[in-house]
Every structure is written in structure tokens, then in C-alpha cells.
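# Results of the structural survey
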Amino acid sequence: MEHQTVSSQGAFGLMLTVHELAHQWFGDKISPVSWTEIWLNEGFASYSEALYFEATRGVDYFRQYMTWMDRDFDYAILVDDTSHVGRIFDNTVYDKAGWFLHMLRGIVGDDHFFSILQSYLEDPRFAYGSATTDGFRSVCESVSGRDLQWFFDPWMHYPGRPNYRAQWDLNPEGNGYLLNLSLQQIQQAPSTFFPMPLDIRLHSDVWDSTITVFQEAPEQNFSLRLSRPVTEISLDPDLKVLKHIDAVTRSGGDDLPSSFRLSPNFPNPFNGRTRVSLDLPETSRISAAVHSVSGSEVMEILMQQTLPAGRHLLDIDFDRNTQRAPSSGLYFLKVLVHSRDNMSLTEKILYLK
Ligand SMILES: [Zn+2]
């Protein structure tokens, strides 16, 4: 453990050695002003263990270590009852406070985070003396250039953590898609709302992409325009936030079409433009084209596009086909479902100029 000017240890396990060495800075060089703020020692020493494993064993092991540090924490990080030792040295001030520093790192970024640690240790207000949580926050804010009270206050004063419930849907819009995401924190009192940035990973058949949303209300909606469909989303894939996840669901999932189906076009007959709807019970790779009675292709509508499950509207615009203006008559809209062995769906359309 840390003492004035020196750390001591009764055993020499690797994790303990890293922890006690870290106390030479966080504990010996700077001590908390009171027991209430003991996290300024133990949270930093605990997160130092994780940083040591990140540096020596890589990011996968680091994330495993952070997962191991995720316990059922009963309390807020600031100790509100310092009347007995067991309460002061609860694992909250070690591992939850370690997670707090990890979340701070996620918010300000690696460069700012490690500059914060250095600046804090060199700050003449604290070095070889005592510090407070507010003092540490002032260093974080001056190095990062950001107000951080919204982050410190709930985590310091309230027990618990965010418990996320997410619901999303995806609809065709214009040339692309509109993703709607409803994000809720459903934890009960005495916990509270934690304003937090949260990474959302969007998965599709061909790519993954990660966006960060900032949740500033217990229930909030986000909309995102996408050029390609998304098949699944996941929350906080890189473990930046101490949290529970209650559920991530796709809304309207029960209303999905039960089979592949093309509906008759409207208007029919048509002069210039008509529209059909295509029902997909699953995400599918689709081509669609209009063919003449003799079988030649008159107009391409979709070329090998991946579409999510749901109902899609296909526009057939003969006015657009100015090079080879089709003559009046019967045509066939043919849809190929490549992801189902090129299963084909056909609908007759009648064009009257
Ligand atoms: Zn310690």
C-alpha cells in the first residue's frame, strides 16, 4: 500500500506490483484531501494495472482485464460514509473508479488523456501535496478544452451505471436509407441518468461502420442517412462505457413480409411512370429490370443491390428512357433474388403512350 513517500507490499504478484508502483505517483506524490476522495489513489492505481496489460499484452487482453474489473458496484465513486474502513475500501473506489478513468479516456481521446495524467502529476497545486476531485477535473478541462462537469457529477455522486435499451428501424429514403434509433437509459432510482457518448456499430453484409451519438436525455431519438442498408447494430463494441445492455431490438420486426412478393403496379396501364412494391422477408441481393415480350431488356431498375427485409417501392419511369423510347404494349418487370439462387419474380405491366 501507499504511505507517505513510499509504497509497500506484502507479496509480489505482477498485478499487485504494478498497482503499488502506480501508487508512488497516485497516492505518494499526490494524496487525496480526504477519505471521501480515496478514488484519486485507488482508481488510478487500478487503471494503471489495465494500462500495464494493454502495453505488454495488447488491446484484447486489456479489454478482458476491463471486463474483469466490471463488478457489481454498490456505491458512488465519492465515499459518502467514511465511518468504517470496509466501506471506504469497497471495490467501487478501485474498479469502478478505474472504469471512470477509462471512460474519461474514451471521451477526451488518448492524447488528451495521457497529457491530463502528466499535467495533474506536475501541477504545483497538487504535486507533493493533496488533491481534490474538483482539482483533478480542472486539469482535465484545461488540457482537453472541454467542460466535463456533466460527466464527473453523476459518476461521482450516484450509484449504478447506465442500463441501455435501444430500438431501431431502417426505411428506404431517396437513393438511400434512413436509420432511426431510439436510445433509452432505464436504470431505476437511486441511480440516475448518465449523459454519455456511446459508440454505435452499424453492421451490413459488406461493411461495418461506427458512429458516436451523445445521449443527453434519458430517452432520445437519433436519425442517420445511409447510402447502404444496415442489417444489425451493436452498442459500445469497444467497451468504452461501464454499462448494462437491457436489449437492442429492431422495431417492426414482427411486421416483416412472410414471403418474397411483387405486387401489381399502379397505375396500370400507365403512361410514363408506374410503381410496384417488392416484399422481402429477409435481407436480399436484388436485380430488377423491365423486359419486352420478346425477352430483351428495356430498362434496368436495380443492379445487384442489397436491400434489407421489408417493403420496397420500385419506380419504373419510361419517360426517363429517352434513347430508346419504348412503344406501347405489354412488358414484364423481372426481379432476381441473387441471394436465393436467382429466384425470379415477374409482374406484367401495360404501357400506353
Ligand atoms: Zn491501492
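Residues numbered from 1 in each chain as written. Predicted model: local features only at pLDDT ≥ 70, side-chain atom pairs only at ≥ 80, totals over all residues.

Here the focus is the sheet that holds strand β8 (residues 208-215). A sheet is described by the order of its strands in space; here 3 strands give the open sequence β8-β7-β10, paired in antiparallel fashion. This sheet does not close on itself; its edge strands, each paired only once, are β8 and β10 (232-235). For this sheet, the mean angle separating the axes of adjacent strands, direction not counted, is 25°. Here 8 bridges tie strand β7 (residues 196-203) to β8, and the two strands are oriented antiparallel to one another. Bridging from a neighbouring strand, Leu202 pairs with Ser209 of β8. (Pairing = 2+ DSSP bridges. Helix = DSSP H or I, 4+ residues; strand = E, 2+ residues; numbered from the N terminus. Axes fitted to C-alpha atoms, helices over the stretch in contact; angles between N-to-C directions.)

Per the domain assignment, the segments of the chain are domain 1 (2-157), domain 2 (163-253) and domain 3 (261-351). In this structure, domain 2 and domain 3 have C-alpha centres spaced 33 Å apart. Considering only residue class, the side of domain 2 that touches domain 3 consists of 3 nonpolar, 1 polar and 1 charged. (Domains from an automatic or database assignment. Nonpolar A, V, L, I, M, F, W, Y, C, P; charged D, E, K, R; others polar.)

At a minimum axis distance of 7 Å, the contact between helix α2 (residues 39-57) and helix α5 (residues 91-108) shows a crossing angle of 70°. The angle between α2 and α5 places the two elements in the roughly perpendicular class. The element α2 and its partner α5 pack so that their crossing is right-handed. Residues Trp39, Glu42, Gly43, Phe44, Ser46, Tyr47 and Ala50 of α2 form the contact with α5, whose own contacting residues are Val93, Tyr94, Asp95, Ala97, Gly98, Phe100, Leu101 and His102. (Parallel < 35°, antiparallel > 145°, perpendicular 65-115°, else oblique. Left-handed = near helix turned anticlockwise from the far one by under 90°. Contact = placed C-beta atoms within 7 Å.)

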